[in-house]
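Remarks on the overall topology
Residues per chain, in single letters:
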Amino acid sequence: TAAVPISLEGESTGVLNYSWTINSYVNNTVEITSYYDSNQNIQSNPNLEKRSDWLVKYDEVYEKSVKENKPILANFTGSDWCGWCIRLQKEVFFKPEFVKWAKENLTLVELDFPRRKKLDELIRQQNDNLRQMFAVRGYPTGWFVVPEIEDKKVNFKRLGSQGYVAGGPKKWIDGANKILSKK
């Protein structure tokens, strides 16, 4: 096994096992999206988490969506095991074009179903309940919804869903805009 010392924002994280996910390689710099720590737990690169406004608690997403009058993109993902999910993040969600478009058009929530990373139990239950409500059968699945209030209960008008789309952010955004036009 090879070991590589890395640092994130100047803070040494020590020597890591040879398992990581690379987002890009530009100008002799490797950008690591996630890695395994010494206990074999998946860890995300904190630098990348600052790129966009993905939330994980659905009640916060609902409140933000209503306040900003923006539809919700509920991204059902297997962040540490699903190859297509990782490709979608790398090829679309981490790109500046998507981040800019999403900030203007959506409220984002990541509903993760990791195999190695341990989620908070309330988040795990929330994600599983939403997976069942939206009948998600595969990953990645992104549901575009608009919250509606009836008799003090929140319902979600389903606009449509989209998974991985080859062709980068432009192709993915084009498909998303077709779905969002149903508002």
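Throughout, residues of each chain are indexed from 1 in the direction in which the sequence is written. Local features in this predicted model are restricted to residues whose pLDDT is 70 or higher, and side-chain atom pairs enter the listing and the counts only when it is 80 or higher, whereas totals over whole chains, interfaces and linings include all residues. As a convention, hydrogens and water are excluded, and side-chain values are obtained from all of the structure's heavy atoms.

1. Some remarks on the packing of helix H4 (residues 96-105) against helix H6 (residues 168-180)
Between N-to-C directions, angles cover 0 to 180 degrees, with each direction set by a line fitted to C-alpha atoms, over the stretch in contact for helices. Only DSSP runs of H or I covering at least 4 residues are called helices, and only runs of E covering at least 2 are called strands; the numbering of each starts at the N terminus. Contact geometry for H4 and H6: axes closest at 9 Å, N-to-C directions at 20 degrees. By the criterion of interaxial angle, the relationship of H4 to H6 is roughly parallel. Remark: the crossing between H4 and H6 carries right-handed chirality. Taken together, the residues of H6 that come into contact with H4 (itself represented by Glu97, Phe98 and Trp101) are Pro169, Lys170, Trp172, Ile173, Ala176, Asn177 and Leu180. Looking at the contact of H4 with H6, its residues break down into seven nonpolar, one polar and two charged. Any angle from 65 to 115 degrees is called roughly perpendicular, while one under 35 is roughly parallel, one over 145 is roughly antiparallel, and all others are oblique. The crossing is said to be left-handed when, going from far helix to near helix, the turn is anticlockwise and less than a right angle, and right-handed when the turn is clockwise. Note on contacts: a residue pair is in contact if any heavy atoms of the two residues lie within 4.5 Å. Only Asp, Glu, Lys and Arg are considered charged in this grouping, and only Ala, Val, Leu, Ile, Met, Phe, Trp, Tyr, Cys and Pro are considered nonpolar; every other residue, Gly among them, is considered polar.

2. What to know about the packing of aromatic side chains
Any two rings among Phe, Tyr and Trp, with Trp reduced to its six-membered ring, count as a pair given centres within 6.5 Å; such a pair is stacked if its planes are under 30 degrees apart, edge-to-face if over 60, and tilted if neither. Within this structure, the stated rule accounts for 16 aromatic pairs. Taken together, Tyr58, Phe76, Trp81, Phe113, Phe134, Tyr139, Trp143 and Phe156 form an aromatic cluster joined through their ring pairs. Here Arg115 stacks its cationic end above the ring of Trp81, 3.7 Å away from the centre of that ring. By definition, being over a ring means that NZ of Lys or CZ of Arg is both within 6 Å of the ring centre and within 35 degrees of the ring normal. Here Arg158 stacks its cationic end above the ring of Trp143, 5.6 Å away from the centre of that ring.

3. Quick notes on the sheet that holds strand E9 (residues 153-162)
Paired strands are those between which DSSP finds at least two bridges. Across the sheet, which stays open at both edges, the four strands sit in the order E7-E6-E8-E9 with mixed pairing between neighbours. A strand with exactly one partner marks an edge of an open sheet, and here the two such strands are strand E7 (107-112) and E9. The average angle at which neighbouring strand axes cross in this sheet is 30 degrees, direction not considered. The pairing of strand E6 (residues 72-77) with strand E8 (residues 141-150) spans five bridges and is antiparallel. Residue pairing across strands places Asn75 opposite Gly142, the latter belonging to E8. Each of E6 and E7 is contacted by helix H3 (residues 83-93), which is oriented at about 140 degrees to E6, the strand it contacts most. With respect to the sheet, H6 is in contact with E6, E8 and E9, its orientation differing from that of E9 by roughly 135 degrees.

4. Let's talk about the pairing of E7
Summarising burial for E7: six of the six residues are buried, a large majority. Here E7 shows two buried faces, one formed by Thr107, Val109 and Leu111 and the other by Leu108, Glu110 and Asp112. Sheet analysis places E6 next to E7, joined by six bridges and oriented parallel. For Phe76, the partnering residue across the bridge sits in E7 and is Leu111. Accessibility here uses a 1.4 Å probe with only protein chains present; expressed as a share of the type maximum, an area under 20% marks a residue as buried, one over 50% as exposed, and anything in between as partly exposed.

5. A closer look at the pattern of salt bridges
Within this document, salt bridges are pairs made up of a side-chain nitrogen of Lys or Arg and a carboxyl oxygen of Asp or Glu, the two lying within 4 Å of each other. Summed over the entire model, instances satisfying the criterion amount to six salt bridges. When the shortest N-O distance is used, the salt bridge between Glu68 and Lys70 registers 3.4 Å. Residue classification places Glu68 among the partly exposed positions, given a relative accessible area of 36%. The buried category is assigned to Lys70, whose relative accessible area is 18%.

6. Some details on the confidence of the model for the chain
pLDDT measures how confident the predictor is about each residue, on a scale from 0 to 100. Taken residue by residue, the chain gives an average pLDDT of 81. The fraction at 70 or more is 72%. Confidence drops under pLDDT 50 across residues 1-33; counting only partners more than four residues distant or on other chains, this segment forms 63 contacts.

7. What to know about the packing of H3 against H6
In the contact formed by H3 and H6, the axes pass within 8 Å of each other and the chain directions differ by 100 degrees. Taken as axis vectors, H3 and H6 run roughly perpendicular relative to one another. Every residue of H6 that contacts H3 at Leu88, Glu91, Val92 and Phe93 is listed here: Gly168, Pro169 and Trp172. Tallied by class, residues from the contact of H3 with H6 come to five nonpolar, one polar and one charged.

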